[in-house]
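Coordinates in review
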Amino acid sequence: MLRACASQPCKLTNVASSSSRAFHTSTVVSKISEARLRSRVLKKANLEKREERQRQQQETRPSVILGTRPGEEHKWRDCYLARVLVDESVFSKPAQPLVRSQYGVEMPEYRAFGVDAAEEKKLFRDLPDLTHALFASQVTGFQGPPLPAPQPITGSQGLTDFQASPASQKVTAANFARVIDLRNSDAGGLGYENRRRIIKAFSAPENPFDTGRTEVQAAILTYRIRKLYAHLTRCKHDLQNKLSLRKLVHQRAKILRYLKRTQRIRYDALLEQLGVEPEAVEGELVVN
């Protein structure tokens, strides 16, 4: 009995101490829970800010295809490559504003078949002069180096077509000027003319037709990428050309990265000439 009574205070003491320990533990757990909750809220806010920054970066990131940022398409229109190219809109323009009077005939503003200023001078100025000299040598017995002459064909009035050359040459030159007009060609002729212009514009002065130059290859790839992209905007289900577009984009990036490693000054100047931002060719490129 005495032992039972003596053990009662000890039980009360143990109950009191256990209740105090329980109260103390619940307070600590509550504070830990509040700290974890604040940490989770802070982490969620940081994640939302990071996603917002990434979204803004994606919205302002330049297109890996076009090379310009959204709303900055004027950089392409003002770049050197865009000024070199002949746009397809020339086919829809009236004929009269695209001709100019030169060498006595109406010369087209845009010429096909690679007829440039030097070839134009030979065809419309030097060749008529040589023909006139040949005509004079046959009529007056001009003494000089022998010139090859075509066999004259007798006309109905006793005069030859060759003797009537001053008038016929002008008609022939006018007809030939109409033939070499670029608006008479198709898409293949326009592409050939644009590639010829790119090679001439981006080649080095010491080698005016250097097709292996890095600037020339990057410019031609940019022209092909934009042309193919314009086609895919009209034909969105052309899966084969979508694959070709991805290959062209990565090929251009590879060429430009090589130029960046070897010639940084030329790389910076070329990006400005092509209207391409550095972010469009550096890092991971995803073509959608």
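Just above, that's the structure.
Residues numbered from 1 in each chain as written. Predicted model: local features only at pLDDT ≥ 70, side-chain atom pairs only at ≥ 80, totals over all residues. Heavy atoms only, no water.

1. With respect to the pattern of salt bridges
A side chain with one charge may pair with a side chain of the opposite charge, provided their charged atoms come close. For the structure on display, the rule yields 15 salt bridges. The salt bridge involving Lys 75 is made with Glu 72; its shortest N-O contact spans 3.2 Å. For Glu 193, the salt bridge is made with Arg 197, and the minimal N-O distance between the two is 3.0 Å. Residue Glu 193 and its partner Arg 197 are both found in helix 6 (residues 187–202); the two are separated by four residues, about one turn of the helix. (Salt bridge = Lys/Arg side-chain N within 4 Å of Asp/Glu carboxyl O. Helix = DSSP H or I, 4+ residues; strand = E, 2+ residues; numbered from the N terminus.)

2. A few points about the nonpolar core
Ile 65, Leu 81, Ile 198, Phe 202 and Leu 274 are the most contacted members of the largest nonpolar core, which totals 35 residues. Only helix 6, helix 7 (214–234), helix 8 (239–262) and helix 9 (264–274) provide two or more residues apiece to this core. Looking at this core element by element, the count peaks at nine residues for helix 7. When residues no more than four places from it in sequence are discounted, the contact partners of Leu 81 are Trp 76, Ile 198, Phe 202, Ala 219, Thr 222, Gln 273 and Leu 274. Among the nonpolar cores identified, the runner-up in size contains eight residues, and Val 105, Met 107, Val 115 and Phe 124 belong to it. (Core = buried A, V, L, I, M, F, W, Y, C linked by side-chain atoms within 4.5 Å. Buried < 20%, exposed > 50% of the residue type's maximum accessible area, 1.4 Å probe, protein only. Contact = heavy atoms within 4.5 Å.)

3. Considerations on the side chain of Arg 252
Turning to its location among the elements, Arg 252 is positioned in helix 8. For the buried Arg 252, no salt bridge is present, and the opposite-charge side chain at shortest range is Glu 73, 11 Å distant. Separated by 3.3 Å, the side chain of Arg 252 and the backbone oxygen of Ile 65 make a polar contact. (Lys, Arg positive; Asp, Glu negative; His and termini not counted. Polar contact = N/O pair within 3.5 Å; in protein donor to acceptor, adjacent residues only side chain to side chain.)

4. Quick notes on the packing of helix 8 against helix 9
Two elements in contact, helix 8 and helix 9, have axes separated by 6 Å at closest approach and are oriented at 140°. Considered as vectors, helix 8 and helix 9 are oriented oblique to each other. Residues Leu 256, Leu 259, Lys 260 and Thr 262 of helix 8 form the contact with helix 9, whose own contacting residues are Arg 264, Arg 266, Tyr 267, Leu 270 and Leu 271. Of the residues that constitute the contact of helix 8 with helix 9, the class distribution is five nonpolar, one polar and three charged. (Axes fitted to C-alpha atoms, helices over the stretch in contact; angles between N-to-C directions. Parallel < 35°, antiparallel > 145°, perpendicular 65-115°, else oblique. Nonpolar A, V, L, I, M, F, W, Y, C, P; charged D, E, K, R; others polar.)

Function cannot be inferred from these measures alone, as they are strictly geometric.
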